[in-house]
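Observations on chain architecture
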Amino acid sequence: IMHLPDNLLGMGSGSGGKDGVPLKALYRQQTQSAFEHREFPFFTLTTFPPGFLVHVGGVVSARSVKLLDRIHNPDEPETRDAWWAEIRQEIKSHGKALGCHAVVGYSESTSICEEVCILSASGTAAVLNPKMLQDCSTEGCSEHRLSRQPSFFSTGSEKGEFDFFLQCQDSASILGLDDASSLGCSFCHIPYDELNMPFPAHLTYCYVCRKQKVPDVLFTTIEPPLEAAVTGKGCLIQARLCRQKKKTQGEANATAISNLLPFMEYELHTQLMNKLKLRGMNALFGLRIQITVGENMLMGLASATGLYLTALPSPGGIQIAGKTPNDSSYEQHISNIQKKINDTIIKNREIYEINPPVSTSIFVCEYV
């Protein structure tokens, strides 16, 4: 369930007020200290009891292209272990940048074609409830059972790390997280520093508690928390992409694949964002992204369940923008496409029973 030492925009707690800022800064600093005590604090679980997830930072992922013929002794695992250690260390650093001390819904996969291997790992950066972790460590999860194994968190009770959880067992109540958790919005609050965000993001006050900051969209690899406040129904959101590559061998082939991967991930993310907005939703759960390599082509497949989280702002519309000289027939064509998009969004809101306050923000989609 948990990776032991031997073996990639979204988001969750803003500052609540002047008095809450120092406490939140201290809490964030202590969670980072606890993060450092574990080599790889990853959990493959995707469901958790209410209140276990204090904050969710968003999806973190890492990929690496390797050549299998560089393994001198295939029977020895040292080289492969070193490759995965690099991937896991990158995941850990991404989680730390988001102000989180754990990664949940973690998974690893490979795609192999001839001598080229793509190593992939992804998960959801999160801040876990220290009191529940302490209860699970000291009482064998008698109150907050996550699995049938009574010693689920016993592997994480290293000295220093466990001390941190003892010291912070009342942090949730100090920061007012118990109230937010009961409202079903705490996990949506951003865990990172609002004044030093790791990426550009549009933040607003939570639409449920009106006290903490939340992002405009949230991507996760886990299932929706039981306490999550959800409006309407969910549906499948899927993005597909194929890209041709030159048929080369060895290092040249690995370099070509490495150069394509960032653009493929960006395009998959853009597709997911557009399809999410087209359905009037603002969050993805259970996200799985698969990159497959072949002799002449790379294929990307991203699947998730779209939902409307009540705590997040309503997604804006999609506006088509074209770059051509003044042409009345072309402008009419663009206008017709825009009308179809707007009508589709309204229809989807009715189908999925999404009736929150309408946002004034607009997503611009360039039409070529």
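We now turn to the structure provided with this report. (Residues numbered from 1 in each chain as written. Predicted model: local features only at pLDDT ≥ 70, side-chain atom pairs only at ≥ 80, totals over all residues. Heavy atoms only, no water.)

Describing the overall build of the protein chain
Heads up, the rule is: Elements are defined by DSSP. Helices are runs of H or I of four residues or more, strands are runs of E of two residues or more, and each kind is numbered from the N terminus. Burial classes: relative accessible area under 20% of the type maximum marks a residue as buried, over 50% as exposed, and values in between as partly exposed (1.4 Å probe, protein chains only).
The helix and strand inventory of the protein chain stands at eight helices and 11 strands. Counting the 368 residues in the protein chain, one finds 48% classified as buried.

Quick notes on the side chain of Glu 227
Rules: Polar contacts, as counted here, are pairs of nitrogen or oxygen atoms within 3.5 Å of one another; within protein the pair requires one atom able to donate a hydrogen and one able to accept it, and residues that are adjacent in sequence qualify only if both atoms are side-chain atoms.
Turning to its location among the elements, Glu 227 is positioned in the loop between strand 6 (218-219) and strand 7 (230-244). From its side chain, Glu 227 meets the backbone nitrogen of Gly 51 in a polar contact 3.3 Å long.

Here we look at the sheet that holds strand 3 (residues 116-128)
Spelled out, the test is: Note on pairing: two strands pair once DSSP finds at least 2 bridges between them. The axes are straight lines fitted to the C-alpha atoms, using for helices just the contacting stretch, and the angles between their N-to-C directions are given from 0 to 180°.
Taking strand neighbours across the sheet as the criterion, the three strands line up as 1-3-2 in an open arrangement whose pairing is antiparallel. The strands lining the two open edges of the sheet, one partner per strand, are strand 1 (53-67) and strand 2 (102-113). Taken pair by pair, the neighbouring strands of this sheet meet at an average axis angle of 10°, ignoring direction. Pairing geometry for strand 1 and strand 3, over 13 bridges, is antiparallel. Along strand 3, the bridge assignment pairs Ala 62 with Ala 121.

What to know about the sheet that holds strand 6
Ordered by their spatial adjacency, four strands build an open sheet running 6-8-9-7, and the pairing between neighbours is mixed. With partners counted over all chains shown, the strands left at the sheet margins are strand 6 and strand 7, one partner each.

Here we look at helix 2 (residues 78-97)
Here is the rule we go by: Expected span of a helix, by definition, is 1.5 Å for each gap between consecutive residues, and there is one gap fewer than residues.
The first and last C-alpha atoms of helix 2 sit 29 Å apart over 20 residues, in line with the 28 Å expected at 1.5 Å per residue. Every buried residue of helix 2 is accounted for by Trp 83, Trp 84, Ile 87, Arg 88, Ile 91, Lys 92 and Gly 95.

Focus on the packing of aromatic side chains
Inclusion rule: Aromatic rings from Phe, Tyr and Trp, taking only the six-membered ring of Trp, are treated as a pair when their centres fall within 6.5 Å; an angle between ring planes under 30 degrees marks them as stacked, one over 60 as edge-to-face, and anything in between as tilted. We call a charge positioned above a ring when the Lys NZ or Arg CZ atom is no farther than 6 Å from the ring centre and deviates by at most 35 degrees from the ring normal.
Summed over all chains, the structure comprises three aromatic pairs. Aromatic pair Tyr 192 and Phe 199: ring centres 5.6 Å apart, planes at 70°, arrangement edge-to-face. Take Tyr 192: its relative accessible area is 2%, and that puts it in the buried class. Under the relative-accessibility criterion, Phe 199 is labelled buried at 18%. Lying over the aromatic face of Tyr 207, Arg 210 brings its terminal NZ or CZ to 4.9 Å of the ring centre. The cationic tip of Lys 213 hangs over the ring face of Tyr 205; the distance from NZ or CZ to the ring centre is 4.8 Å.

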